[in-house]
Amino acid sequence: MADYLNHLLFGWYPYLCLTVFLLGSAIRFDREQYSWRSGSSQLLRRKQLMWGSNLFHIGILVIFFGHLVGLLTPIAIFDALGIPHSFKQMLAIVVGGVAGVMCLVGLVLLLHRRLTDPRIRATSSFSDIAILFILLAQLLLGLSTIFVSLNHLDGHEMVKFMTWAQGVFTLRSDNWEAVADVSPIFKLHLVLGMTIFLIFPFTRLVHVWSAPIWYLGRQGYQVVRTRKTLAAGE
């Protein structure tokens, strides 16, 4: 039974989440770009919004790219560079811990602002609030894994996650075995993390695809206003 669940959650579930994430994001980007927003509340409690948003976004970006590089960089590259697993593990604990706390403080500020101000609450949808609570749960799980990782400072536990994550993208059918015996707190963290990718296209998280990088290759233009009345046909 345990093997069946591990195979289902860490062998098949990642592909379901990635498929929905990629196809759902592409379809929504193509058809509903102007729907991925929450009700505007920028003029309300702006100082709390500024602190909360900055802390949250800085923290989440460090966490995301830290996971991306840490999990998907081939182990052979770290070995070739002479970076021991123990150093990588300690770096992940320190940097991830600091970024996690920053992100947590920012998220709590954003949640407090959204839930306690009646005007902001009135402009918030169920999805807006639910995704914040899901991210909060994921952050708390992530920070909790630090205490487990402190018992595995040799870095070998992290190698299991690297092997699993890279196995997902190289289509290894037995990749789930790499994390079959890890702590339950890690498994919960992995499953909730994959679930966030699964629901991503259906939440306001899709606004990350609206980053201004799309404007980098676009030619500039200028809007000119005139009081002159144009004749018909001009």
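Here, every reference points to the structure presented above.
Just so it is clear, the model here is predicted, and its values are computed rather than measured. Residues take numbers from 1 onward in each chain, read along the sequence in its written order. Given that the model is predicted, a residue must reach a pLDDT of at least 70 before its local features are reported, and side-chain atom pairs must reach 80 or more before they are shown or counted; all residues, however, enter totals for whole chains, interfaces and linings. For side-chain calculations, the full set of non-hydrogen atoms in the structure is used, while hydrogens and water are omitted.

Draft legend 1. Layout of the overall build of the protein chain. Looking only at helices and strands, the protein chain features eight helices and zero strands. Runs of E in the DSSP output that reach at least two residues are strands. Runs of H or I that reach at least four are helices, and both are numbered from the N terminus. Going from the N terminus to the C terminus, the protein chain shows its helices and strands as α-α-α-α-α-α-α-α. The contact rule is simple, with two residues in contact once any of their heavy atoms fall within 4.5 Å. Pairs at least 24 residues apart make up 82% of the contacts formed inside the protein chain by residues separated by at least 6 positions. Calculation of accessible area relied on Shrake-Rupley with a 1.4 Å probe; when residues are assessed, cover is drawn exclusively from the protein chains displayed. Summed over all atoms, the accessible surface of the protein chain reaches about 15000 Å², with 69% contributed by carbon and sulfur.

Draft legend 2. Inspection of helix H1 (residues 2–31) at higher detail. When the terminal C-alpha atoms of H1 are compared, their 41 Å separation across 30 residues agrees well with the 44 Å that a helix rising 1.5 Å per residue should span. Of all the bends in H1, the greatest reaches close to 45 degrees and is centred on Tyr13; the proline Pro14 follows between one and four positions later. Exposure categories follow from relative accessible area, calculated using a 1.4 Å probe and restricted to protein chains: below 20% of the type maximum is buried, above 50% is exposed, and the middle band is partly exposed. Of all the positions in H1, only Asn6, Phe10, Gly11, Tyr13, Pro14, Cys17, Phe21, Gly24, Ser25 and Arg28 are classed as buried. In this fold, the buried residues of H1 make contact with helix H7 (156–169) and helix H8 (184–199). Multiplying one less than the number of residues by 1.5 Å gives the expected span of a helix. For a residue, the bend is simply the angle between two axes, fitted respectively to the seven-residue segment ending there and the seven-residue segment starting there.

Draft legend 3. Fine view of the environment of Arg113. With respect to the element layout, Arg113 can be found in helix H4 (residues 85–116). With 67 residues separating them along the chain, Arg113 and Arg46 place their C-alpha atoms 9.7 Å apart.

Draft legend 4. A look at the side chain of His189. By the element assignment, His189 lies in helix H8. Classification of His189 as buried rests on a relative accessible area of 15%. Those residues in contact with His189, other than ones at most four positions away along the chain, are His67, Gln138, Leu141, Gly142 and Thr145.

Draft legend 5. Up close: the packing of aromatic side chains. The pairing test for Phe, Tyr and Trp rings, Trp by its six-membered ring, is centres within 6.5 Å, and the orientation test on the planes gives stacked under 30 degrees, edge-to-face over 60, and tilted for anything in between. Under the criterion given, the structure shown has five aromatic pairs. Their ring planes at 80 degrees and their centres at 5.2 Å tell us that Phe64 and Phe65 sit as a pair that is edge-to-face. By relative accessible area, which is 41% here, Phe64 ends up partly exposed. Looking at Phe65, the relative accessible area reads 46%, which means it is partly exposed.

Draft legend 6. Main features of the packing of helix H2 (residues 46–72) against H7. For helices, the fitted line uses only the C-alpha atoms of the stretch in contact; every axis is such a line through C-alpha atoms, and the angle between N-to-C directions lies from 0 to 180 degrees. Between H2 and H7, the shortest axis-to-axis distance is 8 Å and the interhelical angle comes to 85 degrees. It follows from the interaxial angle that H2 and H7 lie roughly perpendicular. Across the interface between the two elements, Gly70, Leu71 and Leu72 from H2 touch Phe161, Met162, Ala165, Gln166 and Phe169 from H7. Each residue belonging to the contact of H2 with H7 can be placed in one class, and the counts come to six nonpolar, two polar and no charged. Working rule for angles: under 35 degrees goes down as roughly parallel, over 145 as roughly antiparallel, 65 to 115 as roughly perpendicular, anything else as oblique. Three residue categories are used. Nonpolar comprises Ala, Val, Leu, Ile, Met, Phe, Trp, Tyr, Cys and Pro, charged comprises Asp, Glu, Lys and Arg, and polar comprises the others, including Gly.

Draft legend 7. Examining the nonpolar core more closely. Nonpolar cores are built from buried Ala, Val, Leu, Ile, Met, Phe, Trp, Tyr and Cys residues. Side-chain atoms within 4.5 Å join them into one set. Counting 21 residues, the largest nonpolar core has Phe56, Leu107, Leu135, Leu139 and Leu205 as its most contacted members. Put simply, the parts of the chain that give this core at least two residues each are H2, H4 and helix H6 (126–149). Beyond its immediate stretch of four places on either side in the chain, Leu205 contacts Ile131, Leu135, Ile196 and Phe200. Ranked by size, the runner-up nonpolar core spans 16 residues in total, among them Trp164, Val168, Val179 and Leu190.

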